[in-house]
Amino acid sequence: MAEQQAAATVQPQSTEPMDDAAQAPQQLGAAIVITSGKGGVGKTTSTANIGAALAARGRNVCLVDADVGLRNLDVVLGLENRVKHHFLDVIEEKCALEDALVPDKRVPSMVLLPAAQTREKDDVRTADMAALIAELRKRFEYVLIDCPAGIEMGFKNAVVGAQRAIIVTTPEVSAVRDADRVVGLLPAGLEPQLIVNRLRPQLVRRGKMLSVAQVDEILRLPLLGVIPDEPEVVVATNRGEPVSLNATSRTGEAYRRAASRLEGEQVEIEDYSAEGGFFERLAAWIGGRR
Amino acid sequence: MSWLDAILRFFRPMPSGVVAKERLRLVLLSDRINLAPDIVDQLRGDLIATISRYMEIDEVGLDVTFETRENDVALLANIPIKAVRARPLPPPMTAAPPVTHDAATGAVDLAESQDEEPEAESGPVAEGESASPIEAQEVIAANVSSRRKRPKSKGSP
Amino acid sequence: MVTSGKGGVGKTTTTANLGCALARRGRKVVLVDADIGLRNLDLVLGLEKRIVFDLVEVAEGRCALRSALIKDKRFEDRLWLLPAAQTRDKQAITEEQTEAITRELAGMADYVLIDCPAGIEHGFRNAVAGAEEAIVVTTPEVSAIRDADRVVGKLGERQMPTRVIINRIRPDLVKTGDMLSVDDVCEVLALELLGVIPDDEDIIDTTNRGEPVALAEATRLGSIYAKIARRLEGETVPFTSLEPPGFLERLWGALAG
């Protein structure tokens, strides 16, 4: 792997045609970077959940934690105690790729490639990252790359090697602004799609939160998913169990639908505006009667 | 986990906050250990120094690591033992680095291990409480005399 | 400096509101947005349209520090913002430059609050260069606390006095055991508590409008930030009780809209 000379600049194609022909002519998997600019909007949670949903549909999925130094994909998946090596070990040839991959506890076709916790993002050379992703694409149908917050080296390393991008934002001005910035910094050809996370329909109705339409108007990206804000996500992270594996979870359902759309299925975007708790509806009814 | 635990766990699942706290405890443990290799080295050195007081050990074959497991983080030490001392050596003096060097002639394993593991020297010295000058001298005297005795005791089976 | 490790836990909101609360008490405060490339402190304060110069331009000597400072007119002469650059990234400025600028600002004001970007690398190192004290903001969630612990470790290496603000706590979830409690968080991080801020719907709205909650001290959040400001000044102030509103209160709240 170290000998591969992937392009030094950020290009979506990461493998050289020569190498492809030399390998068995199988279909290369899709490498998708999940990014946002702003931290805390749900990149890691989305990566874990979409990955789990894809794996539950029978796909071979590798989740790559690109947040060197502040890794959390392992914790969100509940695999933190099973991490033995990380991708820098692989790049630096201290271990084989297989040794670093951590199979998920629940869905066997999903594995995690963890980040190093005690290193820095600058320790990773972009060319090495590109080569690593290229290698993963040979083995997996989907390679989901969890991008760290920011737009520096961590971001640059996460996007290199990706063919597609998912932008995650919350319906809130700072997040949307940062998402917009990031879209501008993505390499060409990634065709980003949008996930609007932590939507609270009641607040949207009361004019206290941006609506999905408003967010989409600003960012102008095709919608991949709309995920409502529910306490069950907190509980799921507490337990280290992706919510998309929970059949009765509303958030899980939203993630499963996003995964379907990722596979090209035509699934209607949820309209949460009609919902609301009893009190909201009562208040709205009373308010309407004044 | 006993069958009773299993049944109880079924009927009364642990609140996720409790689960989270325990997971956090372990993950922070693991993170903090991994982030302080110099402290781990110091610990290793201290361990060697302490165990060396009771037995001769094979420092080349020694392996001290931390292992993260499903429910805990464990300190694992594999320390090949060459011989057990008839009597444990006294603990190293905290405020007297010169003594340990001087004792290189008489002291066998203690000085050797000190030399080979510089962190071990710094460990006790840095972290130990400083004794008063008079106490220090008494202990130094005791150390030196015990080290002088050691070659004889080592000779006897 | 206001830092966290993890993004999105409320550093910027906290910096803005704490700054406002201190200014309300009559202190002269400068807020510095150190999130170069992804600036948001201006937005949260509602000052985004008044930016002329930024931190990087000051550092590069292309403008005077005073020209870059934006006065928040709601506080007469007491609250100022030094915005970040938007079209650069965190490697555009060095630690020495930040230290120099912070020192100059400290000469002009009672408080300089540096809004640190997410992470523990360049942006963090720049922000910490000028700081004398750190406030770590975290939410009661596993990932956030793990990242906060990393930051605490880094701050500890520099022997920087550090306290913690726990943000977005949901007392209802704490009660059912589905969220870590304030005690849990403090125990795990081993930090002195500076403040506890409940999850509140209004925060998002105020951010959208650029009107920090701390402007209105009579509100629950406003009073909490005011207390944090007092604690920062050295006062011992009891923590606001965060009992979740009862059934009737919520009904009333919903009816009142």
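Since this is a predicted model, take the numbers as computed values, not measurements.

Reading the values: the criteria
- Residues numbered from 1 in each chain as written.
- Chains lettered and ligands numbered in written order.
- Predicted model: local features only at pLDDT ≥ 70, side-chain atom pairs only at ≥ 80, totals over all residues.
- Helix = DSSP H or I, 4+ residues; strand = E, 2+ residues; numbered from the N terminus.
- Buried ≥ 20, exposed ≤ 12 C-beta atoms within 10 Å, placed from the backbone.
- Contact = placed C-beta atoms within 7 Å.
- Rg over C-alpha atoms; globule rule 2.2 N^0.38 Å.
- Pairing = 2+ DSSP bridges.
- Nonpolar A, V, L, I, M, F, W, Y, C, P; charged D, E, K, R; others polar.
- Expected span 1.5 Å × (residues − 1).
- Axes fitted to C-alpha atoms, helices over the stretch in contact; angles between N-to-C directions.
- Left-handed = near helix turned anticlockwise from the far one by under 90°.
- Right-handed = clockwise from strand over helix to strand, strands pointing away.
- Parallel < 35°, antiparallel > 145°, perpendicular 65-115°, else oblique.
- pLDDT = per-residue confidence, 0-100.

Caption draft 1: Focus on the overall build of chain A. Each helix and strand in chain A was counted, giving 13 helices and eight strands. Per-residue burial over chain A gives 56% buried out of 290 residues. When contacts within chain A are restricted to residue pairs at least 6 apart in sequence, long-range pairs at least 24 apart make up 79% of them.

Caption draft 2: Representation of the overall build of chain C. Helix and strand counts for chain C stand at 12 helices and eight strands. Scaling as 2.2 N^0.38, a compact globule of 257 residues should have a C-alpha radius of gyration of about 18 Å, and chain C matches this with 18 Å. Viewed in the frame of its principal axes, chain C has a C-alpha envelope of about 60 × 40 × 35 Å. Looking at chain C as a whole, 55% of its 257 residues are labelled buried. Of the contacts formed within chain C by residues at least 6 apart in sequence, a portion of 74% connects residues at least 24 apart.

Caption draft 3: A look at the pairing of strand 2 (residues 63–68) of chain B. All names here are of chain B. In terms of burial, strand 2 is largely open, as just zero of its six residues are buried. The pairing of strand 2 with strand 3 (residues 73–78) spans six bridges and is classified as antiparallel. If you follow T68 over to strand 3, its bridge partner there is V73. The loop that links strand 2 with its antiparallel partner strand 3 comprises four residues.

Caption draft 4: View of the interface of chain C and chain A. At the interface, 39 residues of chain C touch 39 residues of chain A. Only helix 2 (41–45), helix 7 (142–157), helix 10 (201–209) and helix 12 (247–256) of chain C provide two or more residues apiece to the side of chain C that touches chain A. Here the side of chain C that touches chain A is built from residues that sort into 14 nonpolar, 13 polar and 12 charged.

Caption draft 5: Layout of the interface of chain B and chain C. On the side of chain C, 13 residues touch chain B, which itself brings 13 residues to the contact. Grouping the amino acids of the side of chain B that touches chain C by side-chain chemistry returns seven nonpolar, two polar and four charged.

Caption draft 6: Representation of helix 2 (residues 16–34) of chain B within the structure. Over its 19 residues, helix 2 of chain B extends 27 Å from the first C-alpha to the last, a length consistent with the 27 Å expected when each residue adds 1.5 Å. For helix 2 of chain B, the elements touching its buried residues are helix 3 (73–76) and helix 11 (231–239) of chain A together with helix 7 and helix 9 (182–189) of chain C.

Caption draft 7: Structural detail: the packing of helix 7 of chain C against helix 9 of chain C. Residue and element names in this part refer to chain C. In the contact formed by helix 7 and helix 9, the axes pass within 10 Å of each other and the chain directions differ by 35 degrees. As helix 7 packs across helix 9, the resulting crossing turns out to be right-handed. Where helix 7 abuts helix 9, its residues I145, A148, D149 and V152 lie against V185, V188 and L189.

Caption draft 8: Representation of the pairing of strand 6 (residues 164–169) of chain A in the model. All names here are of chain A. With five of six residues buried, strand 6 lies mostly within the body of the structure. For strand 1 (residues 30–35) and strand 6, the ladder comprises four bridges, and the chain directions are parallel. Bridge pairing in strand 6 places I34 opposite I166. Relative to strand 7 (residues 193–199), strand 6 runs parallel, the two being bridged by four bridges. In the strand pairing of strand 7, I166 is matched with Q193. Regarding the hand of the β-α-β motif, the stretch spanning strand 6, helix 8 (residues 173–185) and strand 7 is right-handed.

Caption draft 9: Spotlight on the sheet that holds strand 6 of chain A. Residues and elements named next belong to chain A. Across the sheet, eight strands lie side by side as 3-4-2-5-1-6-7-8; this open sheet has mixed pairing. Either end of the sheet is taken by a strand with one partner, and the two such strands are strand 3 (102–103) and strand 8 (223–228). Relative to strand 4 (residues 110–113), strand 2 (residues 61–65) runs parallel, the two being bridged by four bridges. Its bridge partner being in strand 4, V61 is matched across the sheet by M110.

Caption draft 10: Main features of the environment of V112 of chain C. Residue and element names in this part refer to chain C. One can find V112 in strand 5 (residues 111–115). According to the C-beta neighbour criterion, V112 is buried, with 25 such atoms within 10 Å. Sequence separation of V112 and K227 is 115 residues, and the distance between their C-alpha atoms is 18 Å. Excluding residues within four positions of it along the chain, V112 makes contact with V30, V32, T102, L105 and A106.

Caption draft 11: Layout of the environment of A53 of chain A. All names here are of chain A. Residue position: A53 is located in helix 2 (residues 43–56). Overall, A53 belongs to the buried group, with 28 C-beta atoms counted inside 10 Å. In sequence terms A53 and S211 are 158 residues apart; their C-alpha atoms lie 26 Å from each other. Leaving out residues up to four positions away in the same chain, A53 has contacts with S244, Y255, R256 and A259.

Caption draft 12: Spatial organisation of helix 10 of chain C. For helix 10 of chain C, the complete set of buried residues consists of I203, I204, T206, T207 and N208 of chain C. The inward-facing, buried residues of helix 10 of chain C abut helix 8 and helix 9 (201–205) of chain A together with helix 1 (11–24) and helix 2 of chain C. G210 of chain C, located one to two residues past helix 10 of chain C, shows a positive phi value of around 75 degrees.

Caption draft 13: Looking closely at the packing of helix 11 of chain A against helix 2 of chain B. At a closest axis distance of 7 Å, the pairing of helix 11 of chain A and helix 2 of chain B adopts a crossing angle of 40 degrees. Here helix 11 of chain A lies oblique to helix 2 of chain B, going by the angle between them. Our pair here, helix 11 of chain A against helix 2 of chain B, has a crossing hand that is left-handed. For the pair helix 11 of chain A and helix 2 of chain B, contact is made by V235, N238 and R239 of chain A and by S16, G17, V19 and A20 of chain B, respectively. Grouping the amino acids of the contact of helix 11 of chain A with helix 2 of chain B by side-chain chemistry returns three nonpolar, three polar and one charged.

Caption draft 14: Layout of unusual backbone geometry. Residue and element names in this part refer to chain A. Look at E191: it is not a glycine, yet its phi comes out positive at around 45 degrees. One can find E191 in the loop between helix 8 and strand 7. The phi angle at R220 is positive, at roughly 55 degrees, despite the residue not being glycine. Along the chain, R220 falls in the loop between helix 10 (212–219) and strand 8. Owing to 10 C-beta atoms within 10 Å, R220 belongs among the exposed residues under this scheme.

Caption draft 15: Representation of the confidence of the model for chain C in the model. All names here are of chain C. Model confidence for chain C is summarised by a mean pLDDT of 89, while 94% of its residues fall at 70 or above. By mean pLDDT, the top-scoring element of chain C is strand 6 (residues 134–138) (96), and the lowest-scoring one is helix 12 (60). Among the scores for the predicted complex, ipTM is 0.85 and pTM is 0.78.

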